[in-house]
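# Commentary on secondary and tertiary structure
Given next are the chains, with one letter for each unit.
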Amino acid sequence: MSTTTSTEAVSTTSAEETRPRADRRRRLFVVLGVVAVLAYVSDQLTKMVALDVLGDGEPRPFVGELIRFKLIGNPGAALSLGASNTWVMTGIALAVLVAIIVVSRQLGSRAWAIALGLLLGAAIGNLTDRFVRPPGGGKGHVVDFIDYNRWFIGNVADIWIVSAAGLIVILAILGIGVDGRRDHGRGDTSSPTDTSRDASAVTGTTTTNGETDMTRQTDGATGATGTPGAAGASEPRAAHRQGDDDRA
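In this convention, every chain numbers its residues from 1, walking through the sequence in written order. Residue-level local features of this predicted model are given only where pLDDT is at least 70; pairs of side-chain atoms are given and counted only at 80 or more, and the full residue set underlies all totals for whole chains, interfaces and linings. The basis for every side-chain value is the complete set of non-hydrogen atoms in the structure, without hydrogens or water.

Our focus in this paragraph is the pairing of strand β1 (residues 60-63). When DSSP finds at least two bridges between two strands, those strands are taken to pair. Runs of E in the DSSP output that reach at least two residues are strands. Runs of H or I that reach at least four are helices, and both are numbered from the N terminus. Strand direction decides the pairing type here: β1 and strand β2 (residues 67-74), joined by three bridges, are antiparallel. Looking at β2, one finds that Arg60 is bridged to Phe69. The turn linking β1 back onto β2 is made up of three residues, and Gly64 within it adopts a positive phi angle of 60°.

Take a look at the structure:
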């Protein structure tokens, strides 16, 4: 009875320790929200500046010709993929928003809060363009203006998306889940049986099988004193036999 109770207590305590507390989750939600707002605002502000400064269509060097500023309207995704399927891009962006909201319910890591916040702010930023930029109605063109050596043109939201993806890869390599646990709780390989055995070996009275535990507990004492005890018991017998021999 006591073994079952102690095992259940250990399991309950372990589950409570690994589950993010409500106050910690609230703080992490605040971190996620602040990061998302900063990512969104930085994306929209830079797009407004780009529309104002780069409206003439002329490219402007930033890091020589390696990185330039050139304004375009992108109907597709990065690298102009899906340019003829703008509605598909809008649907994917909405699906990403839903996925972020669902995953964030398990939030227990500050690093994951930052990564999800960056993704959320960037996704909302590009989704805003789909509805407010011409032609609008979910088919709007995303404002891109950072030309990477003529390979592709992106925006600040794309920078946040790549940064979040890199952070998520690092967290995956380290084995840190969204809930903040390493290896999703598989790091502890000890079983409840092993725990009960360890406890019984120490106390000798933890399990219901008292005879086995007491035997285990007294084995060490027998090992230390059993031989002298046996010798002591045999000495009187040897003396008695010697006395018989003397009488004979």
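Picking up where we left off.
Here, a salt bridge means any Lys or Arg side-chain nitrogen found within 4 Å of an Asp or Glu carboxyl oxygen. Throughout the structure, instances matching the rule amount to nine salt bridges. Here Lys47 makes a salt bridge to Asp129, at a shortest N to O gap of 2.7 Å. Highlighted residues: Lys47 in helix α2 (residues 22-53) and Asp129 in helix α4 (residues 110-132), separated in sequence by 82 residues. Exposure classes here rest on a 1.4 Å probe applied to the protein chains alone. A residue is buried below 20% of its type maximum, exposed above 50%, and partly exposed in between. Given a relative accessible area of 0%, Lys47 falls into the buried group. Judged by relative accessible area, Asp129 falls into the buried class, the value being 0%.

Turning our attention to helix α5 (residues 156-174). To estimate the expected span of a helix, count its residues, drop one, and scale the result by 1.5 Å. A rise of 1.5 Å per residue sets the reference length of α5, with its 19 residues, at 27 Å; its end C-alpha atoms lie 27 Å apart and thus fit the reference within 8%. For α5, the complete set of buried residues consists of Val156, Ala157, Ala164 and Leu171. Down the axis, α5 shows its buried residues gathered within 100° of arc, on one side only. Away from its buried face by more than 90 degrees, α5 exposes Val162, Ala172 and Ile173. Polar contacts here mean pairs of N or O atoms no more than 3.5 Å apart (in protein, one a potential hydrogen donor and the other a potential acceptor; neighbouring residues in sequence count only if both atoms are side-chain atoms). Measuring from the side-chain oxygen of the N-cap residue of α5 to the backbone nitrogen of Ala157 gives 3.1 Å; that N-cap residue is Asn155. Directions drawn from the helix axis to the C-beta atoms are what define this arc.

Time to look at α2. Look at α2: 46 Å from first C-alpha to last across 32 residues, which is about the 46 Å you get at 1.5 Å a residue. Within α2, burial applies to Leu28, Leu32, Val35, Ala36, Ala39, Asp43, Gln44, Lys47 and Ala50.

Here we come to the packing of aromatic side chains. The description of an aromatic ring pair uses the distance of the two centres, along with the angle that the planes make with each other. Each Phe, Tyr or Trp ring (for Trp, its six-membered ring) is paired with any other whose centre lies within 6.5 Å, and the angle between the two planes then decides the class: stacked below 30 degrees, edge-to-face above 60, tilted in between. According to the stated counting rule, one finds three aromatic pairs in the structure shown. Here the aromatic rings of Phe62 and Phe69 are separated by 4.9 Å at their centres, their planes lie at 35°, and the arrangement is tilted. On the basis of relative accessibility, which here comes to 24%, the residue Phe69 falls in the partly exposed class. Taken together, the ring pairs connect Phe62, Phe69 and Phe145 into an aromatic cluster.

Strand order in the open sheet made by the four strands is β1-β2-β3-β4, with antiparallel pairing throughout. Looking at strand neighbours, the two that pair on one side only are β1 and β4 (152-154), the edges of this open sheet. Looking at each pair of strands side by side, their axes are set apart by 45° on average, direction ignored. Where β2 and strand β3 (residues 142-148) come together, six bridges link them in antiparallel fashion. Each residue of the ladder has a partner; that of Phe69, found in β3, is Ile146. Fitted lines through C-alpha atoms give the axes, limited to the stretch in contact for helices. The angle between two N-to-C directions lies from 0 to 180 degrees.

Attention now moves to the environment of Val63. Mapping Val63 onto the fold places it in strand β1. Residues Val63 and Asn149, spaced 86 residues apart in sequence, show a C-alpha to C-alpha distance of 9.6 Å.

Looking at the chain, the pLDDT average stands at 74 and 61% of residues meet or exceed 70. Residue-level confidence of the predictor is what pLDDT reports, using numbers from 0 through 100. No element of the chain has a lower mean pLDDT than helix α7 (residues 210-247), at 45, and none a higher one than α5, at 95. Here, two residues are considered to be in contact whenever any of their heavy atoms come within 4.5 Å of each other. Every residue in residues 9-16 is under pLDDT 50, and counting partners more than four places away or in other chains gives zero contacts. Across residues 187-193, where pLDDT falls below 50, the model places two contacts with residues more than four positions away in sequence or in other chains.

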